[in-house]
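Structural overview
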Amino acid sequence: MTRVCAPPVLRSRDLTSTSRHAIRYARRVSDIQVSPTLAVLNRAQDLTAKGIDVIDFGPGEPDFRTPKSIAEAGKRAIDEGQTRYTSAFGTLALREAIAERYNRRYGIHLGPKNIIAGTGGKQELFNLALALIDAGDEVIIPAPYWVSFPDQVSFAGGKPVFARVDRANEFRPKLTDIVAVASERTRGVILNSPCNPTGAVIEDGELRRIIEWCAARGAFLIFDETYEFFVYDGRHHASAMRWFAEFPETVIGVNSMSKTFAMTGWRLGYAIAHAEIVAVLGKIQSHSTTNASSISQAAAVEAFHGHDDDVQRMYEAYCERRAWLVPAINEVDGFDCPNPDGAFYIFPNVRALYGNGAVHDSQSFANFLLDEARVAVVPGAAFGADDYVRISYATSMERIREGVARIEAAVRKLR
Ligand SMILES: Cc1ncc(COP(=O)(O)O)c(C=O)c1O
């Protein structure tokens, strides 16, 4: 007798409403939150979808398209059949290109075994947290901080410990800030320079001192230089990788294709570390994403070969926008905005506006701006600095001018 498999019976049920039985979650997710930067983005996008003209100063991604020949290299990879799994560490061609770039810049001797490519710098940071942090370990993070650092540390079972950096020192981290919050449980430090959200660029001397301090106590230093090419006013980007050869067990670099080459959607980043650490990262990665997209890796190899002009073009646009925006926002009543060293954000203090109407903190101020001015900014609370908001200038000069005018008009109503 032939058996025929009956198709599954689909009963109509609303799968988005509250569940009938409480769903049990693992304890590790209870402490972490959806990225608040994405929450603002989502609200702004909902309004835009309804046809409302929102000026979106929320996104942490370049408004430029991926340079054409980089995109072409991705297409070529598909046509040529580079569509299979790669090594968990990334293709040899990519790791060699990254090594060569760093070796040239810092006179070091990295080889492919020091490098792992992943699905964004974010994945490598996440894997590093899993690889290096045990329950109860403390990890020092200068604050204001990029939103994902604390949650990644918590997810791995560790405890983020915040080192307040001084606004009077343009938010640039110093060894004394780190030492002030260290304990015998300190397992490592995460630095991000240029910093998202403040733009602060750490100084060479302080960076060297922090590395030495970490090395002396067997702690790691994760150095996230995702915005390395966007540094202004003749300042120079101090990279911890410069001292990698001297402190290979301590210094771990993380970088990304996202901001430098306008490749956010390609999801490609990488970590540079002692070969032993890289091997552990590979082990973790082999059980999660396996490898970064083979197509994105091929495009990244192209990016590393002669796209300095494209990066320069984007850099010049950011320079022009920043030069207009900082003085303009400082003209708005209640805004006090330092001149950021780098990245593509400004981080004004807006505390003077709190206590007016419904505005009493950075979240309510961001809501006020979205409702009143149709301008999206990210509340500073997301970065551990509730007196501030983050404004991304990764949007056109025209939108920036219009956004500032709208903010000015809305704030006038507040006073
Ligand atoms: C400071 C910092 N590090 C890392 C990342 C991760 O970038 P990606 O995962 O796109 O490589 C970001 C993205 O916003 C960032 O701002």
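Conventions used here
For every chain, the first residue of its written sequence is number 1, and the numbers climb from 1 along that sequence. Per-residue local features are limited, in this predicted model, to residues with pLDDT of at least 70; the limit for side-chain atom pairs, both in listing and counting, is 80 or more; totals at the level of whole chains, interfaces and linings are taken over all residues. Excluding hydrogens and water, the side-chain values take into account all heavy atoms of the structure. Helix numbers and strand numbers start at the N terminus; a helix is a DSSP run of H or I with at least 4 residues, a strand a run of E with at least 2. The size measure is the radius of gyration over C-alpha atoms, and the globule rule it meets is 2.2 Å times the number of residues to the 0.38 power. Only protein chains enter the calculation, and the probe is 1.4 Å; a residue is then buried if its accessible area is under 20% of its type maximum, exposed if over 50%, and partly exposed in between. Note on contacts: a residue pair is in contact if any heavy atoms of the two residues lie within 4.5 Å. In this tally, Asp and Glu contribute negative charge and Lys and Arg positive charge; neither His nor the terminal groups of the chain are included. A charged residue contributes its charge at one atom only: NZ of Lys, CZ of Arg, CG of Asp or CD of Glu. To obtain each axis, a line is fitted to C-alpha atoms, and for helices this fit is confined to the stretch in contact; angles are then taken between N-to-C directions over 0 to 180 degrees. We call two directions roughly parallel when the angle between them is under 35 degrees, roughly antiparallel when it is over 145, roughly perpendicular when it lies between 65 and 115, and oblique otherwise. Any two of the Phe, Tyr and Trp rings considered here, Trp counted by its six-membered ring, make a pair once their centres fall within 6.5 Å; the pair's planes then place it as stacked at under 30 degrees, edge-to-face at over 60, or tilted in between. For this purpose, a residue is taken to be near a molecule or strand whenever a single non-hydrogen atom of the residue falls within 4 Å of it. As used in this structure description, the phrase polar contact means that two N or O atoms lie within 3.5 Å; if the pair is within protein, one of them must be able to donate a hydrogen and the other to accept it, and residues adjacent in sequence are counted only when both atoms belong to side chains. Every accessible area reported is derived by Shrake-Rupley at a probe size of 1.4 Å, with residue values counting cover from the shown protein chains alone. Here a helix's expected span is defined as the number of its residues, less one, multiplied by 1.5 Å. Here is the rule for handedness: rotate from the far helix to the near one, and if that takes an anticlockwise turn smaller than a right angle the crossing is left-handed, while a clockwise turn gives right-handed. The source of the domain bounds is an automatic or database domain assignment. We define buried area as the total accessible area lost by two parts upon association, computed with a 1.4 Å probe and summed across both. The rule for a salt bridge is simple: a side-chain nitrogen of Lys or Arg has to be within 4 Å of a carboxyl oxygen of Asp or Glu. What makes two strands pair is DSSP finding at least two bridges between them. Take the buried Ala, Val, Leu, Ile, Met, Phe, Trp, Tyr and Cys residues and link them wherever side-chain atoms come within 4.5 Å; each set so joined is a nonpolar core.

Counting its secondary structure elements, the protein contains 12 helices and 12 strands. Whereas a compact globule of 415 residues would reach a radius of gyration of roughly 22 Å, the protein reaches 23 Å, a difference of no more than 12%. In terms of overall dimensions, the protein has C-alpha extents of about 75 × 70 × 50 Å along its principal axes. Out of the 415 residues in the protein, the part that is buried amounts to 55%. Sequence separation of at least 24 residues holds for 75% of the intrachain contacts in the protein that already meet a minimum separation of 6. In the protein, which carries 47 positive and 50 negative side-chain charges, the distance between the mean positions of the two groups comes to 7 Å.

A few words now on the packing of helix H4 (residues 121–132) against helix H8 (residues 275–286). Contact pair H4 / H8: the axes reach a minimum separation of 10 Å and the direction vectors enclose 105°. By the angle between their directions, the pair H4 and H8 is classed as roughly perpendicular. Across from Gln123, Glu124, Asn127, Leu128, Leu130 and Ala131 in H4, the residues of H8 making contact are Ile277, Val280, Leu281, Ile284 and Gln285.

On to the environment of Phe171. Looking at the element boundaries, Phe171 is found in the loop between strand S4 (159–164) and helix H6 (175–179). Considered as a pair, Phe171 and Ala200 are 29 residues apart in the sequence and their alpha carbons are 5.6 Å apart. Beyond its immediate chain neighbours, meaning those up to four positions away, Phe171 contacts Pro144, Val165, Asp166, Thr198, Ala200, Pro338, Phe347 and Tyr388.

Take the packing of aromatic side chains next. If you walk through the whole model with that rule in mind, you get 22 aromatic pairs. When the centroid spacing of 5.5 Å and the interplanar angle of 15° are considered together, the rings of Tyr232 and Tyr315 count as stacked. Separated by 83 residues along the polypeptide, Tyr232 in the loop between strand S6 (220–224) and strand S7 (251–256) and Tyr315 in helix H10 (residues 308–330) bring together distant segments of the chain. For Tyr232, a relative accessible area of 1% translates into the label buried. Relative to Phe344, the ring of Tyr318 has its centre 5.1 Å away and its plane inclined at 35°; by these criteria the two rings are tilted.

In the vicinity of the ligand, 13 residues are found, and the nearest of them are Gly121, Asp224, Ser256, Ser258 and Lys259. Within the side chain of Asp224, an N or O atom sits 2.5 Å from a nitrogen atom of the ligand. Between the ligand and Arg267, the relevant distance is 2.8 Å, taken from an oxygen atom to a side-chain nitrogen or oxygen of the residue. In the complex, 93% of the free accessible area of the ligand, which totals 400 Å², lies under the protein chains.

Residue pairs three or four apart in sequence face the same way in an α-helix, which turns once every 3.6 residues. A rise of 1.5 Å per residue sets the reference length of helix H7 (residues 204–216), with its 13 residues, at 18 Å; its end C-alpha atoms lie 18 Å apart and thus fit the reference within 8%. On its buried side, H7 packs onto strand S3 (138–143), H6, strand S5 (186–192), S6 and S7. Gly218, located one to two residues past H7, shows a positive phi value of around 70°.

The next point concerns the packing of helix H2 (residues 68–79) against helix H9 (residues 294–303). Remark: H2 packs on H9, axes separated minimally by 8 Å, with the N-to-C direction vectors making an angle of 140°. Considering the angle they form, H2 stands oblique to H9. Along this stretch, H2 crosses H9, giving a crossing that reads as right-handed. On H9, the residues that touch Ser69, Ile70, Ala73, Gly74, Arg76, Ala77 and Ile78 of H2 are Ile295, Ala298, Ala299, Glu302 and Ala303.

This part is about the domain arrangement of the protein. Often, the extent of an interface is quoted as the loss of accessible area on bringing the components together. Domain assignment breaks the protein into domain 1 (27–56 + 309–414) and domain 2 (68–306). On a C-alpha basis, the centres of domain 1 and domain 2 stand 26 Å from each other. Contacts between the two partners involve 32 residues from domain 1 and, on the opposite side, 30 residues from domain 2. When the two sides are added together, the surface that domain 1 and domain 2 hide from each other amounts to roughly 2,700 Å², 59% of it contributed by carbon and sulfur. Run the count over domain 1 and domain 2 and you get 4 salt bridges. Of the charged contacts in the structure, one is a salt bridge between Asp341 and Arg235, with a shortest N-O distance of 3.7 Å. At the boundary of domain 1 and domain 2, one finds 14 residue pairs in polar contact (both at pLDDT 80 or more). If you list the elements that add at least two residues to the side of domain 1 that touches domain 2, you get helix H1 (36–49) and H10.

Another aspect to go through is the sheet that holds strand S12 (residues 389–392). With respect to topology, 3 strands assemble into an open sheet ordered S9-S12-S11, the strand pairing being antiparallel. Lying at the two open borders of the sheet, with one neighbouring strand each, are strand S9 (345–346) and strand S11 (378–379). By the bridge criterion, 2 bridges tie S9 to S12 in an arrangement that is antiparallel. Looking at S12, one finds that Tyr345 is bridged to Ser392.

The next thing to look at is the nonpolar core. Tyr102, Leu207, Leu221 and Met257 are the most contacted members of the largest nonpolar core, which has 49 residues in total. Per-element tally for this core: the top contributor is helix H3 (residues 92–106), with 6 residues. Sequence-distant contacts of Leu207, that is, excluding residues within four places in its chain, are made with Leu191, Ile202, Leu221, Phe223, Ala238, Ser239, Ala240 and Trp243. Residues Tyr318, Ile346, Val377 and Val404 belong to the second largest nonpolar core, which totals 43 residues.

So, on to helix H11 (residues 362–373). A rise of 1.5 Å per residue sets the reference length of H11, with its 12 residues, at 16 Å; its end C-alpha atoms lie 15 Å apart and thus fit the reference within 8%. Buried within H11 are the following residues: Ser362, Ser364, Phe365, Ala366, Phe368, Leu369, Leu370 and Ala373. Where H11 ends, the next residue or the one after it, Arg374, has phi of about 55°, a positive value.

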